[in-house]
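Overview (structure and organization)
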Amino acid sequence: MSEEDIAEVAEILRGDWLTTGPTVAAFEAEIGRLSGGHRAVTSTSGTAALHMAYAAAGVGAGDEVISTPMTFIATTSMASILGAKIVFADVEEDTALIDPVLVESLVTERTRVVAAVDYAGHPADYDALNSIAAKAGALVLDDAAHSIGSTYKGRPVGDLADLTTFSFFPTKNMTTGEGGAMVAKDAAIAQRAHEFHFIGLVRDSARFEITSEGPWHQEVHEFGVNYRLTDVACALGLAQLRRLDAFKKRRAEITQRYNDALESVDGIRIPVQRDDVDPIRHLYPVRVLDGRRREVFDKMRADGVGVQVNYMPVYWHPVYTNAGYRRGMCPNAEAFYAEELSLPIFPALTDSQVDQVVETLMKALQ
Ligand SMILES: *Cc1c(COP(=O)(O)O)cnc(C)c1O
């Protein structure tokens with residue numbers, strides 16, 4: 001948090017609107033602008049944004065959603081909760097991003113959405129995914145919880161898929177405390193998402209089915225939830241959004257410093273990057289070879305370095321294995337998980353702290 005972030009939030013607390021006010025509209029307009037000019041709807045979390053996106057896309061029982069196992073469970077659980085069947089497509093061996101060749105082999109007439117994840121901030125291959133989905137009559141969803149500010153072939157995340165969801169949880173690239181947003185290229189889907197997150201209330205008199213009540217009237221055509229983000233949170237979001245370029249630049253510097261220090265170290269692999277993307281590096285996932293990931297994790301934690309593991313394959317969660325999903329289904333994702341170790345990366349990390357992380361890693365590898 002900068003002093004400007006704090007001042008902008010304080011100004012909202014002294015104003016007239018705590019929620020459903022002009023700061024929500026302003027933040028949604030900025031998210032939409034950064035996403036290629038499409039409509040954005042904010043929500044109380046990235047998980048809520050995914051729920052809203054699948055609901056607005058009409059996902060339900062009888063539908064299939066093809067997705068990646070290398071993600072946080074909300075990418076798929078929010079479609080499962082609506083009754084859809086998740087079909088897991090394995091990831092590419094090097095990027096850990098959903099493999100379009102496998103997606104193509106898994107498409108059926110029931111496929112409603114292909115849900116990709118821009119793991120670690122690196123956009124998936126949207127040209128391939130969009131053309132596969134278009135042929136199948138399915139929508140593409142980009143879970144961009146890691147990748148707000150990234151580009152693919154010069155185009156911004158938010159403009160790459162039919163639906164894009166963001167998370168503004170504190171560990172992500174920018175934050176509103178809790179919070180999220182969804183962007184839809186189709187205006188009708190965006191409006192349906194807006195109503196879903198607003199209890200299903202319809203306020204446009206041209207659409208009323210009951211016309212006799214009076215000026216106070218609003219009505220519900222489809223059930224909705226209350227996932228509204230507050231003006232307080234959106235003020236923080238606007239302030240953070242202005243710093244996104246600086247956050248991206250610092251994350252790139254840290255990435256370069258890790259790359260330079262680690263590229264020729266034996267026993268690990270550093271993350272790869274395709275030529276056609278300019279990612280915001282949300283995670284710096286190294287791969288620890290020779291079955292030593294757990295040992296290196298424990299040693300680095302013991303030395304005070306907050307390493308993480310992202311992620312256990314989603315279908316390993318009991319909620320999926322109890323429903324019949326089996327280990328071994330996506331070997332690339334499982335091999336990646338067995339070796340993955342996320343080194344600390346965030347804008348306030350100093351060069352000397354990066355060097356300290358590298359030293360701690362080298363010591364653990366000895
Ligand atoms: C964080 C995250 C989410 C969920 O966002 P929340 O704001 O924590 O609900 C969804 N997908 C991915 C890939 C994430 O990293």
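Cut-offs applied
- Residues numbered from 1 in each chain as written.
- Predicted model: local features only at pLDDT ≥ 70, side-chain atom pairs only at ≥ 80, totals over all residues.
- Heavy atoms only, no water.
- Near = heavy atom within 4 Å.
- Polar contact = N/O pair within 3.5 Å; in protein donor to acceptor, adjacent residues only side chain to side chain.
- Areas by Shrake-Rupley, 256 points an atom, 1.4 Å probe, with all protein chains shown as cover.
- 1 Å grid on protein atoms, 1.4 Å probe; cavity = no way out; pocket = protein on both sides within 12 Å on 5 of 7 lines; lining within 4 Å.
- Sits in = over half its atoms within 2 Å of the grid points.
- Helix = DSSP H or I, 4+ residues; strand = E, 2+ residues; numbered from the N terminus.
- Nonpolar A, V, L, I, M, F, W, Y, C, P; charged D, E, K, R; others polar.
- Core = buried A, V, L, I, M, F, W, Y, C linked by side-chain atoms within 4.5 Å.
- Buried < 20%, exposed > 50% of the residue type's maximum accessible area, 1.4 Å probe, protein only.
- Domains from an automatic or database assignment.
- Contact = heavy atoms within 4.5 Å.
- Phe/Tyr/Trp six-rings, centres within 6.5 Å; stacked < 30°, edge-to-face > 60°.
- Points joined across faces, edges and corners; volume = space filled by probe spheres on them.
- Buried area = accessible area lost by both parts, 1.4 Å probe.
- Salt bridge = Lys/Arg side-chain N within 4 Å of Asp/Glu carboxyl O.

Around the ligand sit 15 residues, and of these Gly46, Thr47, Asp143, Ser167 and Lys172 come closest. Contact between the ligand and Thr47: an oxygen atom at 2.6 Å from a side-chain N or O atom of the residue. One of the side-chain nitrogen or oxygen atoms of Lys172 is found 3.0 Å away from an oxygen atom of the ligand. Here the ligand, which alone exposes 380 Å², has 92% of that area covered by the protein. Comparing atom positions with the cavity grids shows the ligand to sit within the largest pocket. At three residues, the largest contribution of residues to the shell around the ligand is made by helix H3 (residues 46-56). In the shell around the ligand, the residues fall into five nonpolar, eight polar and two charged.

Among the nonpolar cores identified, the biggest contains 47 residues, and Tyr54, Val65, Met70, Val113 and Tyr119 are the most heavily contacted of them. Looking at which element gives the most residues to this core, the answer is H3, with eight residues. Two domains share this core, each providing at least three of its residues, namely domain 1 (3-241) and domain 2 (246-365). Residues contacting Tyr119, with those up to four places away along its chain left out, are Met70, Thr95, Ala96, Leu97, His146, Leu283, Pro285, Asn310, Tyr311, Phe336 and Glu340. Core analysis: the next-biggest nonpolar cluster, separate from the first, contains 37 residues, Tyr126, Ala144, Ala233 and Cys234 among them.

This next bit is on the packing of aromatic side chains. In the structure shown here, the tally under the stated rule is twelve aromatic pairs. Arranged with centres 5.5 Å apart and planes meeting at 80°, the rings of Phe88 and Tyr325 form a pair that is edge-to-face. Taken as a pair, Phe88 in strand E3 (residues 85-88) and Tyr325 in the loop between helix H11 (318-321) and helix H12 (331-339) lie far apart in primary sequence, 237 residues in all. A relative accessible area of 7% places Phe88 in the buried class.

Attention now goes to the layout of surface pockets. The volume enclosed by the largest pocket comes to roughly 950 Å³. In terms of lining residues, the largest pocket is bounded by 45 residues, among which Phe169, Pro170, Thr171, Lys172 and His282 are the most central. Elements with a contribution of two residues or more to the lining of the largest pocket: H3, helix H4 (74-80), strand E8 (163-167), helix H9 (244-262) and strand E15 (340-343). Tallied by class, the residues present in the lining of the largest pocket amount to 22 nonpolar, 18 polar and five charged. Each of domain 1 (3-241) and domain 2 (246-365) gives at least three residues to the lining of the largest pocket.

Attention now moves to the domain arrangement of the protein. Interface size is commonly expressed as the accessible area that is lost once the parts come together. Examined at the domain level, the protein breaks down into domain 1 (3-241) and domain 2 (246-365). Averaged C-alpha coordinates put domain 1 and domain 2 at centres separated by 26 Å. Each partner contributes residues to the interface: domain 1 has 36 residues there, and domain 2 has 35 residues. Summed over both partners, the interface of domain 1 with domain 2 buries about 3000 Å², with 58% contributed by carbon and sulfur atoms. Its largest share of buried area at the contact with domain 2, domain 1 owes to Phe88, His122 and Asn173, together 19% of the area lost on that side. Our count for the domain 1 to domain 2 interface comes out at four salt bridges. The residue Arg287 makes a salt bridge to Glu93 at a minimum N-O spacing of 3.5 Å. Taken together, the elements giving at least two residues each to the side of domain 1 that touches domain 2 come down to H4, E3 and strand E6 (151-152). Residue composition of the side of domain 1 that touches domain 2, grouped by class: 14 nonpolar, 15 polar and seven charged.

Here we come to empty space enclosed by the protein. Counted under the stated rule, the structure contains one cavity of 30 Å³ or more. Of the pockets and cavities examined, the largest cavity occupies roughly 130 Å³. Surrounding the largest cavity, 13 residues form its lining, Asp94, Thr95, Pro271, Val272 and Phe336 being those nearest its centre. Split into classes, the residues belonging to the lining of the largest cavity amount to seven nonpolar, two polar and four charged. Looking at which domains feed residues into the lining of the largest cavity, each of domain 1 (3-241) and domain 2 (246-365) supplies at least three.

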